[in-house]
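These are the residues of each chain, in order.
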Amino acid sequence: MEKNNISSKLELSRYKSKKLFGINFYYIGNVIVFGFVNDNSDPLFCIDSMWYFHLIIYIILIILLFVGNHYLFSKLELWKQIIYNVLLFLFFICYSVIALLNPGIMIRSEKGHKHIGYCKKCNLFFLPEENIYHCFDCNVCVKQLDHHCSVVRKCITKKNFVYFILMIVSFV
């Protein structure tokens, strides 16, 4: 059996970067990644280049928390207040997970395989059975892409699909 020569080292030098508060931020496509555990790991966090959009959503959630609770405490029963706060908290958690965590952006280039996939836009090699697709909104390759959500401004993959469904259910 032939051994594959997989390059496991990240090639981050080809991306534009900025250091802020001792943290390296890398601009990959239309997203900013940061929070590497070590030199060979994938990033933990990924935010859209329009990070202020998420800040506006958080401000709206805080206003809903205070205004909604003021209204609920004056007019509704306790069990309805609890349901409102639990659903708002669930929406906040699910939105935060989707908006901040890495959905599976490909950074590694794995040369040396016989039957290899290749993305011309990202200049990445990968195995075809890994189900890697290029997201044209984020301009990056993503593992197991389901769709790109324009509301959350993030790729929805197998990694964050459950949180996406919970966010929709808690919102409705």
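Keep in mind it's a predicted model, so treat the numbers as computed, not measured.

Scoring rules and cut-offs
- Throughout, a residue's number is its position along its own chain's written sequence, starting from 1.
- For a predicted model such as this one, the threshold for reporting local features is a pLDDT of at least 70, and the threshold for listing and counting side-chain atom pairs is 80 or more; totals across whole chains, interfaces and linings nevertheless cover every residue.
- The basis for every side-chain value is the complete set of heavy atoms in the structure, and neither hydrogens nor water enter the calculation.
- Following DSSP output, two strands are said to pair if at least two bridges run between them.
- Secondary structure elements follow DSSP: runs of H or I no shorter than four residues count as helices, runs of E no shorter than two count as strands, and numbering proceeds from the N terminus.
- What pLDDT expresses is the predictor's confidence in each residue, scored from 0 to 100.
- Here, patches come from residues exposed beyond 30% relative accessible area and free of salt bridges, joined within 9 Å for like charges and within 5 Å for nonpolar side chains (Val, Leu, Ile, Met, Phe, Trp, Tyr).
- The method behind every accessible area is Shrake-Rupley, applied with a 1.4 Å probe, and residues are considered shielded solely by the protein chains displayed.
- We count a salt bridge whenever a side-chain nitrogen from Lys or Arg sits within 4 Å of a carboxyl oxygen from Asp or Glu.
- Buried residues are those whose accessible area, probed at 1.4 Å on protein chains only, stays under 20% of the maximum for their type, while exposed residues exceed 50% and partly exposed ones sit between those limits.
- Put simply, buried Ala, Val, Leu, Ile, Met, Phe, Trp, Tyr and Cys residues joined by side-chain atoms within 4.5 Å make one nonpolar core.
- Residue contacts follow a heavy-atom distance rule, with two residues in contact if any of their heavy atoms lie within 4.5 Å.
- Between N-to-C directions, angles cover 0 to 180 degrees, with each direction set by a line fitted to C-alpha atoms, over the stretch in contact for helices.
- To estimate the expected span of a helix, subtract one from its residue number and multiply by 1.5 Å.
- Our arc is simply the arc of the directions from the helix axis toward the C-beta atoms.

Peer 1: Teacher, can you tell me more about the pairing of strand 1 (residues 16-20) here?
Peer 2: Along any regular strand, the residues point their side chains to alternate faces of the sheet. Here strand 1 runs beside strand 2 (residues 23-28); their pairing, made up of five bridges, is antiparallel. Bridge pairing links K16 to Y27 in strand 2. Between strand 1 and strand 2, which pair antiparallel and follow one another directly, the connecting turn spans two residues, one of which, F21, has a positive phi of 55°.

Peer 1: In this structure, what is going on with the confidence of the model for the chain? I would like to understand it.
Peer 2: Any residue range with low pLDDT should be treated as having predicted coordinates unsuitable for detailed reading. Here the chain shows a mean pLDDT of 80. Residues at 70 or above account for 87%. At the level of individual helices and strands, the chain shows its lowest average pLDDT in strand 6 (residues 124-126), which scores 79, and its highest in helix 3 (residues 161-171), which scores 91.

Peer 1: Just checking my understanding: could you explain a nonpolar patch on the surface for this structure?
Peer 2: Nonpolar side chains collect at one region of the surface, where W51, Y52, L55, I56, I59, I60, I63, L64 and V67 lie side by side and expose about 870 Å² of accessible area between them. One can find I56 in helix 1 (residues 51-75). With relative accessibility at 46%, the residue I56 sits in the partly exposed group.

Peer 1: Looking at this model, I keep getting lost on the pattern of salt bridges. Mind explaining?
Peer 2: One side chain can pair with another of opposite charge once the charged atoms of both are near each other. Taken as a whole and judged by the stated rule, the model has two salt bridges. Measuring nitrogen to oxygen at the nearest pair gives 2.4 Å for the salt bridge that ties D48 to R153. Separated by 105 residues along the polypeptide, D48 in strand 4 (residues 43-48) and R153 in the loop between strand 9 (145-149) and strand 10 (154-157) bring together distant segments of the chain. One salt bridge connects E77 with K80, and the closest N-O pair in it is separated by 3.4 Å. The class of K80 is partly exposed, set by a relative accessible area of 32%.

Peer 1: I would appreciate a short explanation of the nonpolar core in the present structure.
Peer 2: Most often, soluble globular proteins have nonpolar side chains that are buried together. I28, V31, V33, I105, I107, C138 and V140 are the most contacted members of the largest nonpolar core, which has 14 residues in total. The residues touching I28, leaving out its near neighbours within four places in the chain, are Y15, V33, I107, C138 and V140. Among the nonpolar cores identified, the runner-up in size contains 13 residues, and C94, A99, I156 and F164 belong to it.

Peer 1: Would you take a moment to explain unusual backbone geometry for this structure?
Peer 2: Among all residues except glycine, the phi angle is most often negative; among peptide bonds, the trans geometry is most common. With phi around 60°, N139 is a residue other than glycine that occupies positive phi space. Here N139 lies in the loop between strand 7 (132-135) and strand 8 (140-143). The residue R153 is not glycine, and still its phi comes out positive at about 60°.

Peer 1: Explanation requested: the sheet that holds strand 1 in the structure shown.
Peer 2: Sheets are built from strands that pair by backbone hydrogen bonding, the pairs being arranged parallel or antiparallel. Across the sheet, four strands lie side by side as 1-2-3-4; this open sheet has antiparallel pairing. Each of the sheet's edge strands pairs with one partner strand only, and the pair in question is strand 1 and strand 4. When the angles between neighbouring strand axes are averaged without regard to direction, this sheet yields 30°. In the sheet, strand 3 (residues 31-36) pairs with strand 4 via five bridges, with the strands oriented antiparallel. Paired with V33 across the bridge in strand 4 is C46.

Peer 1: Looking at this structure, I do not really get helix 2 (residues 78-100). What am I missing?
Peer 2: Residues separated by three or four positions in an α-helix point in the same direction, a consequence of the helix having 3.6 residues per turn. Here helix 2 is 23 residues long and its end C-alpha atoms lie 33 Å apart, about the 33 Å a rise of 1.5 Å per residue gives. Along helix 2, the positions that sit buried rather than exposed are Q81, L88, F91, C94, Y95, S96, V97, I98 and A99.

Peer 1: I would appreciate a short explanation of the side chain of S170 in the present structure.
Peer 2: Looking at the secondary structure, you find S170 in helix 3. Not counting residues up to four positions away in its chain, the partners in contact with S170 are L87, L90 and F91.

Peer 1: Can you help me understand helix 3 in this one?
Peer 2: Those residues of helix 3 lying buried are F164, M167 and S170. The arc enclosing the buried residues of helix 3, seen along the axis, measures out at 135°, which places them on a common side. Projecting away from the buried face of helix 3 at angles above 90 degrees are the exposed residues V162 and V169.

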